[in-house]
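Summary of the model geometry
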Amino acid sequence: MFYSGYGLAQIPIDASWGKGIRVEAKDSSFSLKLGLRFQTLYEGEKYLESGKWNEQLLIRRYRLKFDGYAFRPNIKYKMELGISNRDSRSGSMEEIGHTANIILDAVVKWEFTPGVELWVGQTKLPGNRERVVSSQNMQFVDRSLVNSRFNLDRDIGLQLRAVQGSGVVFRESLAISLGEGRGVVVDNPDNGRQYTTRLEVLPMGLFKSKGDYMGADTERQPSPKLAVGVTYDYNQHTPRSRGNLGSFLTDSDDNFIYSDLSTWLVDAVFKYQGLSWNAEYAHRSASDEVAGFGYGKGFVTALGYVFKSNYEIAGRYTTVEPLGVNSSISEAQEYTLGFSKYIVGHSLKVQSDISYMDTTDDYLRFRVQMELAL
């Protein structure tokens, strides 16, 4: 730790690899941690029927992160900006106010009693584990098809979160939000609200270093650990095809088309001494099944092992299916084999994977990605 400034104005500054730069006021009235990270991705696809080859090289993600506490340590905040092209795209320009949609998180967390927090602002909803795991901590180059078709993503609103127990740990979450996703500013007086609830059970206690929300077992859990979670989400009167994500659906007169979407998400993760297994099931339906919405179900499971040399090999199987004739989801299966080298944990790593995509136009995909986080 070193100090900046002169005399009584000196402010302690702490910096360490992978954990950003942390500044704390001398009177302990606030703290600020600044971090940044980016991912450089190469991706190539070979379509089996036509023989066509597509490839791209891009900055997949570029993030600026700020967090800390304000006024008192029990009032925390988090801000995160996504400024790569892939980060800032979301909906049409009209729906996001004709500007880049760079704000990912802007949330205040107030722990008003031990183990219970009230969150206010925009951040991830308490959805499926694969989505809530940070993109910095993923086991593969990117998340699965189940996540891309069924995840709840981010929204703005209120969340109440609680953690109880020590031997057997319970986590409960309840969220009420606008239901149209991050950064949407379209005037929509007919929109409903989104209601999300989640329960997690950790029968063997807490994971070391929050390892249940990391893809691989880089922490090499010293004892077996298991976590099981269930989420139910009801997005009332939404005009987006997948609730918080997807296109805004309109009729021939440019009026919004609505549906009431119900989504169930069930997930589990097990880790022990470098071995990791996880699985997720998703199911989205509606009573009316209006054409164009993403009704369907999906399942994904992955198994991996991190060697003591910090190399990992992992495999993943994914399947998604539409429900009904009006669904906008297409049937697909994905078989993925991944290889990773964790140089400094998830803060500096190289990951690659190869996948066979069984869709209407089958193809092979090869990806290599480097992550750097300060």
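Heads up: these notes are all about the structure in this document. (Residues numbered from 1 in each chain as written. Predicted model: local features only at pLDDT ≥ 70, side-chain atom pairs only at ≥ 80, totals over all residues. Heavy atoms only, no water.)

With that settled, the discussion passes to unusual backbone geometry. Although it is not a glycine, Asp 153 adopts a positive phi angle of roughly 60°. Residue placement: Asp 153 occurs in the loop between α3 (145–150) and β9 (154–164). With phi around 55°, Ser 209 is a residue other than glycine that occupies positive phi space. (Helix = DSSP H or I, 4+ residues; strand = E, 2+ residues; numbered from the N terminus.)

Evaluated as defined, the whole model comprises 20 salt bridges. With a closest N to O distance of 2.9 Å, Arg 171 and Asp 212 form a salt bridge. Linking Arg 171 in strand β10 (residues 169–177) with Asp 212 in the loop between β11 (194–202) and β12 (225–238), this pair joins segments that are 41 residues apart in sequence. Of the two residues, Arg 171 and Asp 212, both sit in the buried class. (Salt bridge = Lys/Arg side-chain N within 4 Å of Asp/Glu carboxyl O. Buried < 20%, exposed > 50% of the residue type's maximum accessible area, 1.4 Å probe, protein only.)

This paragraph deals with the packing of aromatic side chains. By the definition in use, this model includes ten aromatic pairs. With a centroid separation of 6.2 Å and 15° between ring planes, the pair formed by Phe 38 and Tyr 62 is classed as stacked. Of this pair, Phe 38 sits in strand β4 (residues 31–47) while Tyr 62 sits in strand β5 (residues 53–70); the two residues are 24 residues apart in sequence, bridging distant segments of the chain. Residue Tyr 62 is classed as partly exposed on the basis of its relative accessible area of 29%. Taking the centre distance of 5.3 Å and the plane angle of 45° together, the rings of Tyr 317 and Tyr 335 count as tilted. Taken as a pair, Tyr 317 in strand β16 (residues 311–322) and Tyr 335 in strand β17 (residues 332–344) lie far apart in primary sequence, 18 residues in all. You can call Tyr 317 partly exposed: its relative accessible area is 26%. Stacked on the ring of Tyr 213, the Lys or Arg Arg 129 has its end atom at 4.8 Å from the ring centre. (Phe/Tyr/Trp six-rings, centres within 6.5 Å; stacked < 30°, edge-to-face > 60°. Lys NZ or Arg CZ within 6 Å of the ring centre and 35° of its normal.)

What follows is about the side chain of Lys 225. Relative to the helices and strands, Lys 225 is located in strand β12. Here Lys 225 is buried and forms no salt bridge, its nearest opposite-charge partner Asp 212 lying at an N-O distance of 9.9 Å. (Lys, Arg positive; Asp, Glu negative; His and termini not counted.)

A separate point is empty space enclosed by the protein. What the rule picks out here adds up to two cavities of 30 Å³ or more. Here the largest cavity defines a volume of roughly 260 Å³. Along the wall of the largest cavity there are 20 residues; nearest its centre are Glu 130, Val 133, Gln 139, Gly 215 and Asn 278. Among the secondary structure elements, those contributing two or more residues to the lining of the largest cavity are α2 (129–132), β13 (259–272), β14 (275–285) and β15 (296–306). Looking at the lining of the largest cavity residue by residue, the classes come out as nine nonpolar, three polar and eight charged. Taken as a whole, the second largest cavity encloses approximately 50 Å³ of empty space. In terms of lining, the second largest cavity is formed by Asn 151, Leu 152, Gln 194, Asp 233, Asn 235, Arg 242, Gly 243, Asn 244, Leu 261, Thr 263 and Arg 284. (1 Å grid on protein atoms, 1.4 Å probe; cavity = no way out; pocket = protein on both sides within 12 Å on 5 of 7 lines; lining within 4 Å. Points joined across faces, edges and corners; volume = space filled by probe spheres on them. Nonpolar A, V, L, I, M, F, W, Y, C, P; charged D, E, K, R; others polar.)

Next up on the list: the pairing of β15. In the sheet, β14 pairs with β15 via ten bridges, with the strands oriented antiparallel. Residue pairing across strands places Ala 279 opposite Thr 301, the latter belonging to β15. Relative to β16, β15 runs antiparallel, the two being bridged by eleven bridges. Bridged to Lys 297 within β16 is Glu 321. Hairpin connection from β15 to β16: four residues lie between these consecutive antiparallel strands, with Asn 310 at a positive phi of about 70°. (Pairing = 2+ DSSP bridges.)

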